[in-house]
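Tertiary structure, described
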Amino acid sequence: MQNWITDFMEQYGYIGIALIIALENVFPPIPSEIILPFGGFMTTYTSLTLLGVIIAATIGSVLGAVILYGIGLLIDVERLEKIVERWGHVLRIKKEDIHRVDAWFDKYGMWTVLFCRMVPLVRSLISIPAGMSNMKFGLFLLFTTIGTLIWNVILVCVGAALGASWESILHFMDVYSIVVYVILAIIIVGCIIWWIRRSKKQKSKE
C-alpha cells in the first residue's frame, strides 16, 4: 500500500495529495502517517512547496471529514433510539444513555473534534458522532480545519526536514499510535466498568 500511495502522490502532485488524504479520512486504514511526511519529502525534489502540500492535505482532510459528518447526520439520534428500543435490553443501553451522550457532545463536541484530529484512526471517525449529534456545521468545519491543520503542518514539516530519511518517522508514529490506543482502551474499559456498576445500582434500587 505504501508504494501505491507514494506513486500516486508523485504522479498527481497536489491533486493526488488532496484526493488520497480525503480517502484516508473515509477509509482510515490508509495512514496519513505515510502520506504527510512523504508529501513533505516531495517538496525537497519537486516543484511542490510546503505551503501547497499543507493546503492540499487540509482540503482533502476537510472534504473527507464532511463526508463522514454527512453519514453521521443520516444515522442521527432518533435512529439510534429505535435501535435501542429493539436491542437495548441486550446491549444494556437505554434511551437516557443516548441523550446523555448527545448532551455531552453538544457541550464538549467542538473541543473533542479539535483534539481528536491529532489522534490516529479516531481523527477520521470522530466526524460521525459530530454529525449524529447535529453539531453546528460551521463549528464542525472550523475546529476540524484547525485540528487538521496542526496535524498536517507537523507531519509535512517533519517529512521535509528529514528529506530522504522521511520513513524514519514511521517508527515514532507507530509508538505514538500504540500509546494512544492503550490510553483509549483504558478509558473505554473504565467507562464500561462504570456503566455496569451504575446499571447494577439502578437495578438494586428497583
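Before reading further, recall that the structure is shown in the block above.
Here goes a summary of the coordinates provided. (Residues numbered from 1 in each chain as written. Predicted model: local features only at pLDDT ≥ 70, side-chain atom pairs only at ≥ 80, totals over all residues. Heavy atoms only, no water.)

So, helix 7 (residues 137-162)
- When the terminal C-alpha atoms of helix 7 are compared, their 37 Å separation across 26 residues agrees well with the 38 Å that a helix rising 1.5 Å per residue should span.
- Within the sequence span of helix 7, burial applies to F140, F143, T144, G147, T148, W151, N152, L155, V156, G159 and A160.
- Two residues or fewer past helix 7, G163 is found with a positive phi of approximately 60°. (Helix = DSSP H or I, 4+ residues; strand = E, 2+ residues; numbered from the N terminus. Expected span 1.5 Å × (residues − 1). Buried < 20%, exposed > 50% of the residue type's maximum accessible area, 1.4 Å probe, protein only.)

Examining the side chain of T43
- Mapped onto the elements, T43 comes out in the loop between helix 2 (32-42) and helix 3 (50-91).
- Under the relative-accessibility criterion, T43 is labelled buried at 17%.
- Within the local environment of T43, its side chain forms a polar contact with the backbone oxygen of G40, the two atoms lying 2.5 Å apart.
- Not counting the four nearest positions on each side in its chain, T43 is found in contact with L48, T49, L50, V53 and A160. (Polar contact = N/O pair within 3.5 Å; in protein donor to acceptor, adjacent residues only side chain to side chain. Contact = heavy atoms within 4.5 Å.)

Brief notes about helix 2
- Counting buried positions along helix 2 yields 11 of 11 residues, so the element is predominantly enclosed.
- Turning to helix 2, its buried residues are S32, E33, I34, I35, L36, P37, F38, G39, G40, F41 and M42.

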